[in-house]
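Below, each chain spelled out in residue letters.
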Amino acid sequence: MVPESYYLALSALLFAIGTVGVIVRRNPLVIFMSIELMLNAVNLSFVAFGHRLGSHDGQVMVFFVMAVAAAEVAVGLAIIVAIFRLRRRLSIDDLSLLKW
Amino acid sequence: MPLVAFCIIALVAVGSALGLVLRRNPIHGALFLVVNLGSIAALYLMLGAEFLAAAQIIIYAGAIMVLFVFAIMVLIPGKAETGPDPRRALRLWALPVGGVLFVLVGVRVLIPRAAPAAGSAIAPGGIEAIGRLLFTDYLFPFELTSVLLLAAMVGVLLLARRRA
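Rules used throughout
Residues numbered from 1 in each chain as written. Chains lettered and ligands numbered in written order. Predicted model: local features only at pLDDT ≥ 70, side-chain atom pairs only at ≥ 80, totals over all residues. Helix = DSSP H or I, 4+ residues; strand = E, 2+ residues; numbered from the N terminus. Rg over C-alpha atoms; globule rule 2.2 N^0.38 Å. Buried ≥ 20, exposed ≤ 12 C-beta atoms within 10 Å, placed from the backbone. Domains from an automatic or database assignment. Contact = placed C-beta atoms within 7 Å. Expected span 1.5 Å × (residues − 1).

Novice: Would you take a moment to explain the overall build of chain A for this structure?
Specialist: When its secondary structure is counted, chain A shows three helices and zero strands. Ordered by position from the N terminus, the helices and strands of chain A form the series α-α-α. Relative to its length of 100 residues, chain A is extended, with a C-alpha radius of gyration of 17 Å against a globular reference of 13 Å. In terms of its C-alpha atoms, chain A occupies a principal-axis envelope of roughly 50 × 25 × 25 Å. Here chain A, with 100 residues, has 52% of them falling under the buried criterion.

This is the structure in structure tokens:
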């Protein structure tokens, strides 16, 4: 029987790796994929806690997170493709119009 | 024995996450993410969430990652991340910040507190119990999610339209 804290430690590690990926990478698609990695890490902790408390609420939360993540990926990729189809360079540093 | 299985799957998950973050080629990163999603699905199976494991493979690895691969193929001529990084020093701060984040989150979730008495570890019912919850306690978020998906679909169609 694997203690739930192992799952939570793995979830924290994946979340940290995803965060580093969002900050360090310059390709917006890889940044987006790192965000998906962070979402999956949180899903894992939801399921681990639900397993520990013996209720199915954790799995229902993950169900909703998956649905929202799917919608977010569709819209986000449409935005990224719409922006970067005009330019030839694909770097996140170019999107600085909103910088103060 | 479950501990050995968990360690192997966890190693695959962490290794593929590092592969996603470290590889230059975004297609390689996408493939590493597919491996990661598969290992997360295996962990769901170990936690008794069979429906979620199947949904993870179908939705995440099967639909979302296909979307990503299509987007990467469309944008490849953009030549991602060429040239030296003008903000390299600032970005390298991400590594200690990531370590601090891991320590903070890990300490927070791993310190044993007065936990509520754990119910039977594997609640029976599987998909029937999830369906029952979705249509009773979580009915309002369920309906909102359908509205959200409709809005996302309309938004994507609008964004993908060619400006005539």
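Novice: Help me understand the environment of Ser 91 of chain A in this model?
Specialist: The topology assignment puts Ser 91 of chain A in the segment after α3 (57–84). Taking C-alpha positions, Ser 91 of chain A is 37 Å from Tyr 6 of chain A, a pair spaced 85 residues apart along the chain.

Novice: I'm lost on the domain arrangement of chain B in this one. Help?
Specialist: As a measure of interface size, the accessible area lost when the parts come together is often cited. Each assigned domain of chain B is listed here: domain 1 (1–78) and domain 2 (127–164). The C-alpha centroid of domain 2 of chain B is placed 23 Å from the C-alpha centroid of domain 1 of chain B.

Novice: Explain the interface of chain A and chain B here, please?
Specialist: Tallying the contact residues gives 63 residues for chain A and 70 residues for chain B. When contributions to the side of chain A that touches chain B are tallied by element, the ones reaching two or more residues are α1 (4–24), α2 (28–53) and α3 of chain A.

Novice: Just checking my understanding: could you explain helix α3 (residues 50–75) of chain B for this structure?
Specialist: Each full turn of the α-helix corresponds to 3.6 residues, which orients residues three or four apart in the same direction. In this model α3 of chain B runs 36 Å from its N-terminal to its C-terminal C-alpha over 26 residues, within 8% of the 38 Å that 1.5 Å per residue would give. At its buried positions, α3 of chain B is contacted by α2 and α3 of chain A together with α2 (26–46) of chain B.

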